[in-house]
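Below are the chains, spelled out letter by letter.
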Amino acid sequence: MRISQLLFILLCTITCIAQRSDFQEIDFTKADSIALKYKGASLKNIPVLTHNLTSSLQTDVEKIRAIYTWIGTNIENDYSSYLKISHKRKRLAKDRQAFLDWNTGITPKIFKALLEYKKTACTGYAYLVKEMTNLAGFECDIIDGYGRTPTLLLEEDSAPNHSWNRIKVNNKWYWCDATWSAGETIILNGEPMFNPDYFDGYFFAEPELFSKNHFP
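Residues numbered from 1 in each chain as written. Predicted model: local features only at pLDDT ≥ 70, side-chain atom pairs only at ≥ 80, totals over all residues. Heavy atoms only, no water.

### Focus on the overall build of the protein chain
Stage number 1. Regarding its fold elements, the protein chain presents nine helices and eight strands.
Stage number 2. Counting over 216 residues, the protein chain shows a buried share of 45%.
Stage number 3. Accessible surface, the protein chain as shown: approximately 11,600 Å² in total, 52% of it carbon and sulfur. (Helix = DSSP H or I, 4+ residues; strand = E, 2+ residues; numbered from the N terminus. Buried < 20%, exposed > 50% of the residue type's maximum accessible area, 1.4 Å probe, protein only. Areas by Shrake-Rupley, 256 points an atom, 1.4 Å probe, with all protein chains shown as cover.)

### Re the sheet that holds strand 3 (residues 140-147)
Stage number 1. Pairing within the open sheet is antiparallel, and its four strands lie in the order 5-4-3-8. Each of the sheet's edge strands pairs with one partner strand only, and the pair in question is strand 5 (172-176) and strand 8 (214-215).
Stage number 2. Two elements, strand 4 (residues 162-169) and strand 5, share five bridges in a ladder whose sense is antiparallel. Each bridged residue has a counterpart across the sheet, and for K168 the counterpart in strand 5 is W173. (Pairing = 2+ DSSP bridges.)

### So, the packing of aromatic side chains
Stage number 1. The tally for this structure, following the rule as stated, stands at 11 aromatic pairs.
Stage number 2. Ring geometry for F23 against Y174: centres 5.3 Å apart, planes inclined by 45°, an arrangement best described as tilted. Remark: Y174 occurs in strand 5 and F23 occurs in the loop between helix 1 (3-13) and helix 2 (29-37); sequence separation between them is 151 residues. Here F23 matches Y174 in class, with each residue buried.
Stage number 3. Considering the side-chain rings of F28 and F203, the 5.7 Å spacing of their centres and the 90° angle between planes classify their relative orientation as edge-to-face. (Phe/Tyr/Trp six-rings, centres within 6.5 Å; stacked < 30°, edge-to-face > 60°.)

### A word on the side chain of H162
Stage number 1. Within the secondary structure, H162 sits in strand 4.
Stage number 2. At 2.7 Å, the side chain of H162 and the side chain of D177 are in polar contact.
Stage number 3. In terms of polar contacts, H162 uses its side chain to reach the side chain of W180, at 3.5 Å.
Stage number 4. Residue contacts for H162: discarding those within four places in its chain leaves R89, C122, I143, D144, G145, Y146, G147, D177, T179, W180 and H214. (Polar contact = N/O pair within 3.5 Å; in protein donor to acceptor, adjacent residues only side chain to side chain. Contact = heavy atoms within 4.5 Å.)

### What about the pairing of strand 7 (residues 191-196)?
Stage number 1. In the sheet, strand 6 (residues 183-188) pairs with strand 7 via six bridges, with the strands oriented antiparallel. The residue bridging T185 from the neighbouring strand is F194, located in strand 7.
Stage number 2. Adjacent in sequence and paired antiparallel, strand 6 and strand 7 are bridged by two residues, among which N189 carries a positive phi angle near 55°.

### Topic: unusual backbone geometry
Stage number 1. Located in the positive-phi region is K118, a residue other than glycine, with phi close to 55°.
Stage number 2. Considering the arrangement of structural elements, one finds K118 in the loop between helix 6 (96-117) and strand 2 (119-120).
Stage number 3. The backbone of N170 sits at a positive phi, close to 55°, despite the residue not being glycine.

### A few points about the environment of L83
Stage number 1. Along the polypeptide, L83 turns up in helix 5 (residues 79-91).
Stage number 2. Spatially, the C-alpha atom of L83 lies 8.9 Å from that of A121, the residues being 38 residues apart in sequence.

If you want it as structure tokens, here you go:
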């Protein structure tokens, strides 16, 4: 399917997607401070970590926010893993079923490495968001698709290159991208280096802005 067709479909569905402005009255200070309190916590017991992050918060969106902020400030983007995944996605781009089968099989392996090293590519970020929000009682999906950056432009035959999430709150779906919230990878002397720089703009992002660089 052409990128232009994907964009058209996405724009047609924007009205079905809610946005962060629905929660203008919510102060996320407590949720973010709890995430900071547990900075560096182990991922070896995710149910306990999820409970610690959410149990003292009153609203659903604050609970999701604490999880999201913790992930965005504790997980390192693994560029080497990203390159390997991108190469495989390109090879399977024209065989959707093979891609879905591979993606289903690789995700647990990526997640296992994430638990040990707290490093991952976008698939691992999306999987962790899904796992922790599910444990907290929320419906969450992983969305595989296309992410466009100033240095990564999409062509008509581009392979899927990114993963993010949608989370349901009060019977509405909200988009978020923990990978792009965590920071950026820069190339220094020919070597990739992750620069942690948490940015909450991709948490329940406004759909009109989100759709400019995310194509399911």
